[in-house]
Amino acid sequence: MTPVGVQFLVNAGPGSAAGERAERIARMVDGDAIVTYRKGTRRADAVAMAREVARNAPEVVYAMDLAVAPVAAWALDGGRRRLIVDTGDAPLAFLELVGASATRRVMARALESVGYGRSDLVIVRGRYHAEQLHAAGHHHVSVVADGVDLDLLQPKEVTDLRTQLGLDRRMTVGVQGNFTWYPKLGGGLGWDLVQAIGRHDLDIDAVFIGEGPGLAQLRLMAERLGVGDRVHMMGRVAYSQLATYLSLCDVTLLTQTDDPSSWARTTGKLPTYLATGRYVVATRVGTAVDLLEPEHLLDYRGHWDTTYPDRLARKLGELAHDRDRTIARGLALRSLAESFDYDRIARSCASEIARVCERSAGSPARLTLGAGL
């Protein structure tokens, strides 16, 4: 079999955000690339991926996410290929935040040691993560932001859908993502919105787009607070339909805790919200600080702020008071999404891959940039 230039090992399945990023970059390396996805358990996938790497003999293994399966696959192949790790998270800092077990923290520390210490390049999504890695002595780091498809993600006319869902003339606030839940913290994605509506009896409806174990907990919380009828769960939505469901939301939330893991994380939610012209309320953490005007930012105090829903409620009350202005201000944010255009992002990653190949001693790079450049 003819060796390939780069093999992407994706710590998720087809159709995932990680998979979308890998596919986009792969198209920029002129077809000289293969994308391999996870299918089962970490251990089984690591072994299967290692076999694929040995069979394809790529010049570069590109681990999409700093995760066990792709990094272990590279190691099981003998660590013979150049390794690029593309990550938007700081695993150890996050596990410490949520109170994970000592075993999981030890595994994360080992994973970071290999992923950061043995890779030829670490690609991160934001400058704060790069600064953290530089401070830890890792200088083979480049910043390439999350991407968004600006052709697919645009504001949509959803009057009929709003009517169908009983949201006519209602102020709507949305959250999109994987709804996790952390018992030691007492919440998860979306908890602050339910608390804000319930504590202050806001005449606002919540729209949750996605799936995950946290949804059942959010439903229970809303019922306990007497606002169950104001919470609407859309479930998982195909990427091709995401803009339609986000357009149901007058306001979108990007809530990140004020701790090292959140400053490192540059969630794909922000460019997605911007591309669909939604008004964003974010905590004053990470990339949002650099991108958004002060009117969009709220303070968050520490690793878990139980008073934050009160500040959020006050802000949402102000926005609901002049809903038309809020909607117009959201649409104006779409121009900020241009820097996240996926063609630009994929081109930047492909350039980073080529530079890694060019640095190899004694052999010219086989990898070239694709016609899309």
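Source: prediction; values computed, not measured. (Residues numbered from 1 in each chain as written. Predicted model: local features only at pLDDT ≥ 70, side-chain atom pairs only at ≥ 80, totals over all residues. Heavy atoms only, no water.)

## Some details on the pattern of salt bridges
Defined as follows: Between Lys or Arg on one side and Asp or Glu on the other, a salt bridge is scored when a side-chain nitrogen of the former is within 4 Å of a carboxyl oxygen of the latter. The numbering of helices and of strands both runs from the N terminus, where a helix is a DSSP run of H or I of at least 4 residues and a strand a run of E of at least 2. The cut-offs for exposure are 20% and 50% of the maximum accessible area for each residue type, with area from a 1.4 Å probe on protein chains only; residues under the lower value are buried, those over the upper are exposed, and the others partly exposed.
As enumerated under the stated definition, the model contains 25 salt bridges in all. Ionic pairing is found between Arg24 and Asp149, a salt bridge with its closest N-O pair at 2.6 Å. Highlighted residues: Arg24 in helix H1 (residues 17–27) and Asp149 in the loop between strand S6 (141–143) and helix H7 (159–164), separated in sequence by 125 residues. Like Asp149, Arg24 is buried. Salt bridges sharing partners connect three or more residues here, namely Arg21, Asp86, Arg125 and Asp146.

## Things to note about the nonpolar core
Using the following cut-off: Definition of nonpolar core: a set of buried residues of the types Ala, Val, Leu, Ile, Met, Phe, Trp, Tyr and Cys, connected through side-chain atoms within 4.5 Å. Two residues form a contact once any of their heavy atoms are found within 4.5 Å.
In terms of nonpolar packing, the biggest core is built from 94 residues, with Phe8, Tyr62, Leu193, Phe208, Val251, Val281 and Leu316 touching the most fellow members. With eight residues, helix H16 (residues 342–358) is the single largest residue contributor to this core. Apart from residues no more than four positions distant in its own chain, Leu316 is found in contact with Met171, Val173, Leu193, Leu202, Ile204 and Val251. Core analysis: the second largest hydrophobic core is formed by 20 residues, Val53, Ala73, Val124 and Ala130 among them.

## Digging into H1
Along H1, the residues classified as buried are Ala18, Gly19, Arg21, Ala22, Arg24, Ile25 and Ala26. Where H1 is buried, its residues contact strand S1 (6–10), strand S2 (33–37), strand S3 (60–64), strand S4 (82–87), strand S5 (121–124) and H16.

## Some remarks on the sheet that holds strand S9 (residues 231–235)
For clarity, the threshold we go by: Note: two strands are recorded as paired if DSSP finds a minimum of 2 bridges between them. What counts as an axis is a line fitted to C-alpha atoms, over the stretch in contact for a helix, and the angles between N-to-C directions run from 0 to 180 degrees.
Reading across the sheet, the six strands line up as S9-S8-S7-S10-S11-S12 and stay open at both edges, with parallel pairing between neighbours. With one partner strand each, in any of the chains shown, S9 and strand S12 (297–298) form the two edges of the open sheet. Bridge count for strand S7 (residues 171–176) against strand S8 (residues 204–209) is six bridges, and the pairing is parallel. Bridging from a neighbouring strand, Val173 pairs with Ala206 of S8. Lying on the sheet, helix H8 (residues 191–200) is in contact with S7, S8, S9 and strand S10 (251–254); it crosses S8 at an angle near 165°. Packed onto the sheet, helix H14 (residues 308–321) meets S7, S8, S10, strand S11 (279–283) and S12 and runs at close to 160° relative to S11.

Function cannot be read off these values alone, since they describe shape.
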